[in-house]
Amino acid sequence: MFSLNYIIKRVVSAFIVVLGILVLTYILIYFSPGNPAYTWAGRPRGPRAEEAIKAAESELGLDKPLYLQIYIHINRFFKGDWGISLRFKQPVISVITRNLVASLELLIVAFFIAIPLGIFLGVMSALYRGYLVDKVLYTISALFISFPRFWIAILLSVFLQMLGVNLFGRIAPSYMLVIESVSGSYIIDSIISGKAEIFIDALIRILPPAIIVALYPMSLTVRVLRYSLSEKLYEEYVKQAISFGLPRSRVVYRYALRGMVPAISQLHGITFAYSIVDVATVENIFGRDGIGSTIVKAIPYNDYPLIIGLLALTGILFIVVNTISDIIQIVSDPRVRI
Amino acid sequence: MEAMVLNEIVVRARNLWIGYEEEDRVLWALNGIDIDIPKATAFCIVGESGSGKTTFGNAVAGLLPPYAVTKGCLEVHNITVIDGSRMNYSGIRGNIVVRIPQNPIATLNPYLKIGSIFFDVLSQRFRAYSKAKILEITLNAIKAVDLPDDILNRYPHQLSGGMSQRVAIALTIAINPEIVVADEPTSNLDAYLKGTTLNLLRGIVRSGKTLIVITHDILFASVLCNFIAVMFMGNVVEIGKTEEVLSKPLHPYTKELIDAANLDFKNIRYANNKLKADLNECAYASRCTYYSNRCSEKPKLSYINKSHGVACWNPLKNS
Amino acid sequence: MNSRIVEGRLTAFLNLFKISRKFSIGFTIMVIMAILSIIGFFNTPYHLEGWGIVTEETMKRQGLPPCLPFNCPNINHVFGTDDMGRDLFSRILVGAHLALIQTVAIVFISIALGIIMGIAAGYSNMVIEKISTYLIELLIVIPSMVLAAALVTIIGRGIQSVVIALIATWSPWYARLTYILVRQLRELDFIKICEAMGFTKTYTIFRHIIPNVAPIIFVEGITDSGSVLIEIASINFLIGVASLTSIDLPDWGMIVGYGIRYIRTFWWISFFPGLFIALTALGLILLGDGLTEALSPWLRRRWRLWF
Ligand SMILES: Nc1ncnc2c1ncn2[C@@H]1O[C@H](COP(=O)(O)OP(=O)(O)OP(=O)(O)O)[C@@H](O)[C@H]1O
Ligand SMILES: [Mg+2]
């Protein structure tokens, strides 16, 4: 296929960016004010500080030349040895993967809500621009974009609490021991082990935060479609389809909206990265595990290895998402040939 | 023959006004025109840029943008589509009227293969037909315009301009509507493709359909069409049988157009068109060599014989 | 610049209000916020010492009623007080200029850096173009939140960590936009003619490329500023949640984040700063939308599907 070549090229350049991120994380360590080993050890104080700094120094290989240090850093990264988290006293890689899966679960559910709903409402808004439907949709999306999601989440959680509904955590504590962790995502795990009640519990608990995280990508889709779909409806080929007498739904969805797929794919590649901040804040409010709560726990302990590992892994996640969205963009347009 | 032709009118415009809403005013593109288009003829509309030809074609084909405002009355195939400010094109588009686009490459959906475009369009037109039947119609239409069958598997961007023009005509043939509106069908084709397009359009007329051709090209019009209407600044200034209009033009503007086509620019005055502020004046007044005081009043279209009409106070005298 | 031009600009600006109601609303909100932040910068009901901390003496001197922790909203404290007995309204007023300055600084610096990077990637020599392209690709995938957390552990919990992190992650978007625009411009004849006539690249950049690119980027930046404000607030929210002791810096996001631990009983600590973030972001977004609308008239057209 014509696109295979492109995909290979894209993956190679993505890999270069991954290396760039690793170098950057090392630079962050190296140029941290004071002694890098001191930062890496989490600014220890007290009698055992000397020892901890010594250990960190040998771990980073600070006595070697800089390029070797970077090489050691990258090498250790690919071996999965990212150091020990100071807060959790566990290997960084296991802490991060556990929490990243939890966050991804939330993010993906949110996007499953946001994309179809956003497209549907955006089409409505574009078709009746300036009329009541559109005005209502515009107002709603402007509010959802401008209201901080953590604030909406606070209001919702207080409201739920007033109703006496307890949806905190990712899963009811009593189920926690019953389920065995395979993927780290309770939704997938419960399907694998075939426990319907756990599945429903996990789903109900993920819905309120997921809806809140979905607000931003959904509203953004509505706004983008509102602006550009009505422009698309003026394209000559859409006009011609109308002249050929195609029914309205076909013209709108198969002709006009089809032309928006690359733009929508690009948009969601971007909002995926933006929404991770929302995920982090909303997780904290709903008492869920995830990178948000990891960061919150890491900051007071100056848990530098954990944060650096998180930086590298989230960066890599974004690269993957960007690459996928670029590939969708290219493949969905038959005019582009590589 | 003539009587029969004049009896059956497929497009009838009566005092039709069409304008576009601007910021705070309406820009009138058609200022109260009257046109009757007889069935099974090739009817041509010529006129300079901005005179409202496309607007009229879109009004017939039902492609006016949503911010268009209308007055008067337009009947297509005995269905009133424009009545005052109301528009209703249900059942017209794709069944009775189809527009052949000016720029065919841009008018095919770039994301669909030609085959699925055909299928989309035809399954809508002939709901009762089976897939095989639709494919048969498609292949016949493709054959009628001399395209290879494998074109159905291609994307629009893989076609040349002439090929996509023929695809558009094949689509029209397959739909088989009563009225075909061709908006500048030849404006960006070379001489040879112009000839083939001409033949295809003739074939449409011969099969008993009505063809409305909008063009700048008065030569092309003279070869293809039996009727011609000359438009100027949103008014029909002259209308009639092609031979009559071209051999004995009555309106000074028609004369100007014919002279221009013959590369004879001796009598042309280069004057800017006035803004359309004064709708009560003859629109051509500021450019007219035969200006008289009466021209400050707008002339009505008056017929000198059964089919030849002119809107001018001082029509040219052709000896 | 003579007075005619100034007058023309002024009427054009006033016209914006006539054309777009969104612009008027957004502008009004932002003017109110600006006034509040200026007031908050100089004087607040309970702000004299530090970041809204009221000491015994000042209260006595001013004859103010005593401040108790967790006062619910009342006449003396319209928005209540927090866990240290600080007047929330005063803290929000002081926080206003922090929020506005952070947003404006981030957007402007990101735009400036973005234009530089974009032009370097799109219109310079081969090596710099390659390097800049990869730099943009790299910065684009850096998660702002985690970078901010890293900087917080290095530099500490001031506003500068968040500002640096956001500049690093927003500028590549403007760089990418600039890059795309520059690529389009390069294909146009007037740039090609400049090259053919032997003008230097620097001349072309300053004379032709920046004037064509900057306005587009600026409108984009104004539209984005609402999202920037919320991103700042979200990251500060996390820092606030992470904080073990009460924070002096009256950043809105931090107040919300710190107050979250009391949300079940003392809801106002998180509610009111959040409301102000929401209002400010709404103002910025309406401002951006209004500008976009004013620049593209067809967006203002009312229309429905006509077929
Ligand atoms: N979509 C539109 N919106 C606003 N005004 C329009 C629109 N389409 C046409 N007009 C205006 O209506 C008038 C007539 O335009 P029209 O396209 O009908 O001219 P035309 O005779 O087809 O010209 P050309 O030969 O250049 O195609 C012009 O003054 C034009 O500015
Ligand atoms: Mg036209």
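In case you missed it, the structure is sitting above this.
Residues numbered from 1 in each chain as written. Chains lettered and ligands numbered in written order. Predicted model: local features only at pLDDT ≥ 70, side-chain atom pairs only at ≥ 80, totals over all residues. Heavy atoms only, no water.

### Some thoughts on the side chain of Ser13 of chain A
In step 1: With respect to the helices, strands and loops of the structure, Ser13 of chain A is situated in helix 1 (residues 2–30).
In step 2: Note on Ser13 of chain A: relative accessible area 13%, which makes it buried.
In step 3: Ignoring sequence-local partners within four residues, the contact set of Ser13 of chain A consists of Tyr134 and Glu137 of chain C. (Helix = DSSP H or I, 4+ residues; strand = E, 2+ residues; numbered from the N terminus. Buried < 20%, exposed > 50% of the residue type's maximum accessible area, 1.4 Å probe, protein only. Contact = heavy atoms within 4.5 Å.)

### Here we look at the packing of helix 5 (residues 92–127) of chain A against helix 13 (residues 261–285) of chain A
Residue and element names in this part refer to chain A.
In step 1: The geometry of helix 5 relative to helix 13 is characterised by a closest axis approach of 10 Å and an angle of 130° between their N-to-C directions. In terms of orientation, helix 5 and helix 13 fall into the oblique class. Between helix 5 and helix 13 lies a crossing of right-handed hand. Residues Ser103, Leu104, Leu106, Leu107, Phe111, Ile115 and Ile119 of helix 5 form the contact with helix 13, whose own contacting residues are Ile264, His268, Thr271, Phe272, Ser275, Ile276, Val279 and Glu283.
In step 2: Classifying every residue of the contact of helix 5 with helix 13 gives ten nonpolar, four polar and one charged. (Axes fitted to C-alpha atoms, helices over the stretch in contact; angles between N-to-C directions. Parallel < 35°, antiparallel > 145°, perpendicular 65-115°, else oblique. Left-handed = near helix turned anticlockwise from the far one by under 90°. Nonpolar A, V, L, I, M, F, W, Y, C, P; charged D, E, K, R; others polar.)

### A short note on a nonpolar patch on the surface
Residue and element names in this part refer to chain C.
In step 1: Taken together, the side chains of Val104, Phe108, Ile109, Leu113, Ile116 and Phe218 present a nonpolar region at the surface, about 530 Å² in accessible area.
In step 2: Considering every element that reaches the nonpolar patch, the biggest residue donor is helix 4 (residues 88–122), with five residues.
In step 3: Along the polypeptide, Ile109 turns up in helix 4.
In step 4: The exposure class assigned to Ile109 is partly exposed, which follows from its relative accessible area of 39%. (Patch = residues over 30% accessible without salt bridge, like charges linked within 9 Å, V, L, I, M, F, W, Y side chains within 5 Å. Areas by Shrake-Rupley, 256 points an atom, 1.4 Å probe, with all protein chains shown as cover. Salt bridge = Lys/Arg side-chain N within 4 Å of Asp/Glu carboxyl O.)

### Considerations on helix 9 (residues 252–261) of chain B
Three or four residues apart is the spacing at which side chains of an α-helix point the same way, because the helix has 3.6 residues per turn.
Residue and element names in this part refer to chain B.
In step 1: Of all ten residues in helix 9, seven are buried; the element is thus mostly enclosed.
In step 2: Buried within helix 9 are the following residues: Pro252, Tyr253, Thr254, Glu256, Leu257, Ile258 and Asp259.
In step 3: Next to the buried residues of helix 9 lie strand 3 (42–47), helix 7 (218–224), strand 10 (227–232), strand 11 (235–241) and helix 8 (242–247).
In step 4: Among the residues trailing helix 9, Leu263 stands out with phi positive, at a value near 55°.

### Let's talk about the interface of chain C and chain A
In step 1: With 59 residues of chain C at the interface, the matching set in chain A holds 70 residues.
In step 2: Carbon and sulfur atoms supply 74% of the area buried between chain C and chain A, which totals about 6,000 Å² over both sides.
In step 3: Applying the counting criterion to the chain C and chain A interface returns one salt bridge.
In step 4: Between Asp289 of chain C and Arg223 of chain A there is a salt bridge, with the nearest N and O atoms lying 2.9 Å from each other.
In step 5: At the junction of chain C and chain A, the tally comes to five residue pairs in polar contact (both at pLDDT 80 or more).
In step 6: Elements supplying a minimum of two residues to the side of chain C that touches chain A: helix 5 (126–140), helix 6 (144–155), helix 7 (159–187), helix 9 (201–242) and helix 11 (268–295) of chain C. (Buried area = accessible area lost by both parts, 1.4 Å probe. Polar contact = N/O pair within 3.5 Å; in protein donor to acceptor, adjacent residues only side chain to side chain.)

### Remarks on the sheet that holds strand 4 (residues 68–76) of chain B
Residues and elements named next belong to chain B.
In step 1: Pairing in this open sheet of five strands is antiparallel, and the strands run 2-1-4-5-6 from one edge to the other. In the strand order of this sheet, the two ends are held by strand 2 (26–38) and strand 6 (86–87), each with one partner.
In step 2: Examined bridge by bridge, strand 4 and strand 5 (residues 79–83) share four bridges and lie antiparallel to one another. Of the residues in strand 5, the one forming a bridge with Leu74 is Ile82.
In step 3: Lying on the sheet, helix 2 (residues 53–61) is in contact with strand 1 (9–21), strand 2, strand 4 and strand 5; it crosses strand 1 at an angle near 115°. (Pairing = 2+ DSSP bridges.)

### Considering the interface of chain A and chain B
In step 1: Taken together, the 21 residues of chain A in the interface contact 29 residues of chain B.
In step 2: Across the chain A/chain B interface, buried area totals approximately 2,300 Å², and carbon plus sulfur atoms make up 57% of it.
In step 3: Our count for the chain A to chain B interface comes out at three salt bridges.
In step 4: Across the salt bridge formed by Arg250 of chain A and Asp120 of chain B, the nearest N and O atoms sit 3.3 Å from each other.
In step 5: Taken together, chain A and chain B are joined by eleven residue pairs in polar contact (both at pLDDT 80 or more).
In step 6: Listing elements by their share of the side of chain A that touches chain B, those giving two or more residues are helix 11 (236–243) and helix 12 (248–256) of chain A.
In step 7: With six residues, the single largest contributor to the side of chain A that touches chain B is helix 11 of chain A.
In step 8: Residue classes in the side of chain A that touches chain B are distributed as nine nonpolar, five polar and seven charged.

### Comments concerning the pattern of salt bridges
All names here are of chain A.
In step 1: In this structure the tally under the stated criterion is 21 salt bridges over all chains.
In step 2: The partner of Arg149 in a salt bridge is Asp278, with the nearest N and O atoms 2.9 Å apart. Taken as a pair, Arg149 in helix 7 (residues 149–163) and Asp278 in helix 13 lie far apart in primary sequence, 129 residues in all.
In step 3: Relative accessible area serves as the criterion here: at 0%, Arg149 is assigned to the buried category.
In step 4: A relative accessible area of 1% places Asp278 in the buried class.

### A look at the site of ligand 1
Residue and element names in this part refer to chain B.
In step 1: Around ligand 1, a shell composed of 15 residues is seen, among which Ser49, Gly50, Lys53, Thr54 and Thr55 lie nearest.
In step 2: Here an oxygen atom of ligand 1 sits 2.4 Å away from a polar atom, N or O, in the side chain of Thr54.
In step 3: Its free accessible area being 630 Å², ligand 1 has 68% of it covered by the protein chains.
In step 4: Contributing elements (two or more residues each) for the shell around ligand 1: strand 2 and helix 2.
In step 5: Ranked by residue count, the leading element in the shell around ligand 1 is helix 2, at three residues.
In step 6: Taken together, the residues of the shell around ligand 1 sort by class into four nonpolar, seven polar and four charged. (Near = heavy atom within 4 Å.)

### Observations regarding the pairing of strand 1 of chain B
Residues in a regular strand point their side chains to alternate faces of the sheet.
Residues and elements named next belong to chain B.
In step 1: Where strand 1 and strand 2 come together, ten bridges link them in antiparallel fashion. Bridge pairing in strand 2 links Glu21 to Val26.
In step 2: Linking strand 1 to strand 2, which pair antiparallel, is a turn of four residues.
In step 3: Taken together, the eight bridges between strand 1 and strand 4 define a ladder with antiparallel strand orientation. Residue pairing for strand 4: Trp17 is matched across the bridge by Lys71.

### So, the nonpolar core
In step 1: Within the largest apolar cluster, 165 residues are counted, with the highest numbers of intra-cluster contacts made by Leu28 of chain A together with Met145 and Phe237 of chain C.
In step 2: Broken down by element, this core gets its largest block of residues, 16 residues, from helix 9 of chain C.
In step 3: Ignoring any residue separated from it by four or fewer positions in sequence, one finds Leu28 of chain A in contact with Tyr304, Ile308 and Leu311 of chain A together with Leu147, Ala150, Leu151 and Ile154 of chain C. (Core = buried A, V, L, I, M, F, W, Y, C linked by side-chain atoms within 4.5 Å.)

### Focus on the sheet that holds strand 3 of chain B
Residues and elements named next belong to chain B.
In step 1: Strand order in this open sheet of eight strands is 7-8-9-3-10-11-13-12, and the pairing throughout is mixed. Each of the sheet's edge strands pairs with one partner strand only, and the pair in question is strand 7 (97–100) and strand 12 (302–303).
In step 2: By the bridge criterion, six bridges tie strand 10 to strand 11 in an arrangement that is antiparallel. Looking across to strand 11, one finds that Phe227 is bridged to Lys241.
In step 3: Strands in contact with helix 2 are strand 3, strand 7, strand 8 (179–183), strand 9 (210–215) and strand 10; relative to strand 9, the strand with the most contacts, it is inclined by about 155°.

### Re unusual backbone geometry
Residue and element names in this part refer to chain B.
In step 1: One non-glycine residue, Asn78, lies in the positive phi region at around 65°.
In step 2: Counting through the fold element by element, Asn78 comes out in the loop between strand 4 and strand 5.
In step 3: Judged by its relative accessible area of 62%, Asn78 is exposed.
In step 4: Despite not being glycine, Glu184 has its phi angle at roughly 45°, a positive value.
In step 5: By the secondary structure assignment, Glu184 is in the loop between strand 8 and helix 6 (191–206).

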